[in-house]
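Here is what each chain is made of, one letter per residue.
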Amino acid sequence: DIGGRLLAIKRIIPTFSQNPEFVSMFQGEIKTTSGLTHLAIVQVYDYGQEDSMQYIAMELVDGKSLRQFISRFTELKSKFPVEAAVYIIEQSAHALYYAHSFKDKISGKSLNIVHRDISPQNILISYDGAIKVIDFGIAKAVTNVEATRSGVIKGKPSYLSPEQISGETLDGRSDIFALGVVLWELLASRKLFAAENDFGIIKQIENCNSTVKPPSLYNP
């Protein structure tokens, strides 16, 4: 609690604290998000190291993830309200535009931040109705060292962009693609890219120009 604000403390669990890749991703998140100040992005208040364990002190969002909301609507056999779906995506898009166009405060150069893991799990809805994009843990900025090994795709398979799958250099349009996939899922009450395994999902995304159907096919 700092100044009456409740905080969430994010840290690397001890079993992974010696893993250079986890540490690098954690440090990358600090570099990428510590300067971001937007109402629809979870605010980082402080970061540091305690007893050889790195931590981030961030805004606590009292609410649920969009994935939890989707699961609840599925349990109730009910469709997500269109107006609510559009509002959630609109607010998330505002947050992403801010991050994509964020500039270094000293040099004035764009950092070209790309989240790379937009999904219902990483969009929070607070009980007072605020939308918050979280988890820039695998986000990349031009100041970050690209540590992704060849052949390794980071992000949740169902929300990857074609550019991520093919290993191309990404820009903000990759996040917009993923956000569009989330919107389709909200409107149609089913995942856009779904298969028995990750390979099947990747093939669908690679051929998305022919595999994607209008959400109105499932929700008039």
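Up top is the structure these notes are about.
In every chain, residue numbers begin from 1 and rise along the written sequence. Whole-chain, interface and lining totals are the exception, using all residues; otherwise, since this is a predicted model, local features are given only for residues with pLDDT of at least 70 and side-chain atom pairs are given and counted only at 80 or more. Heavy atoms from the whole structure form the basis of all side-chain values; hydrogens and water molecules are not counted.

Visitor: Could you give an account of helix α2 (residues 66–75), naming the residues involved and the relevant values?
Guide: Looking only at α2, the buried set comprises Leu 66, Arg 67 and Ile 70. The buried residues of α2 occupy an angular sector of 105° when projected down its axis, which confines them to one face. For this analysis, residues touch if any pair of their heavy atoms sits within 4.5 Å. Runs of H or I in DSSP of at least four residues are treated as helices and runs of E of at least two as strands, each being numbered from the N terminus. Next to the buried residues of α2 lie β4 (63–65), α3 (82–100), β5 (123–126) and α5 (172–188). Looking one or two residues beyond α2, the residue adopting positive phi is Lys 77, at roughly 55°. Any residue under 20% of the maximum accessible area for its type is buried, any over 50% is exposed, and the rest in between are partly exposed; the area is computed with a 1.4 Å probe on protein chains only. The arc in question is the one spanned by the directions pointing from the helix axis to the C-beta atoms.

Visitor: How would you explain the sheet that holds strand β2 (residues 44–50) if you had to name every residue and give the values?
Guide: What the 3 strands build is an open sheet, ordered β1-β3-β2; its pairing is antiparallel. Every other strand in the sheet has two partners, leaving β1 (7–11) and β2 as the edge strands with one partner each. The sheet shows a mean angle of 20° between the axes of neighbouring strands, taken without regard to direction. One requirement defines pairing of two strands: DSSP has to find at least two bridges between them. By the bridge criterion, 6 bridges tie β2 to strand β3 (residues 53–59) in an arrangement that is antiparallel. Bridging from a neighbouring strand, Gly 48 pairs with Tyr 55 of β3. Note on geometry: axes are C-alpha line fits, over the in-contact stretch for helices, and angles between N-to-C directions span 0 to 180 degrees.

Visitor: Lay out α3 in plain terms, naming residues and giving numbers.
Guide: Residue count minus one, scaled by 1.5 Å, sets the expected span of a helix. For α3, spanning 19 residues, the distance from its first C-alpha to its last is 26 Å, which sits close to the expected 27 Å at 1.5 Å a residue. Every buried residue of α3 is accounted for by Ala 85, Ile 88, Ile 89, Ser 92, Ala 95, Leu 96, Tyr 98, Ala 99 and His 100. Among the structural elements, α2, β5, β6 (131–133) and α5 are those in contact with the buried residues of α3.

Visitor: Could you give an account of the packing of aromatic side chains, naming the residues involved and the relevant values?
Guide: Pairs were defined over the aromatic rings of Phe, Tyr and Trp, the Trp ring being its six-membered one, requiring ring centres within 6.5 Å. Orientation was assigned from the angle between planes: stacked under 30 degrees, edge-to-face over 60, tilted for the rest. Here the structure, examined in full by the defined rule, presents 4 aromatic pairs. Judged by centre distance (5.7 Å) and plane angle (55°), the ring pair of Tyr 98 and Phe 102 falls under tilted. Taking 6.4 Å as the distance between ring centres and 5° as the angle between the ring planes, the aromatic pair formed by Phe 177 and Phe 193 counts as stacked. With Phe 177 in helix α5 and Phe 193 in the loop between α5 and α6 (198–206), the pair connects residues that are 16 residues apart, well separated along the chain. Looking at Phe 177, the relative accessible area reads 26%, which means it is partly exposed. Overall, Phe 193 belongs to the buried group, its relative accessible area being 1%.

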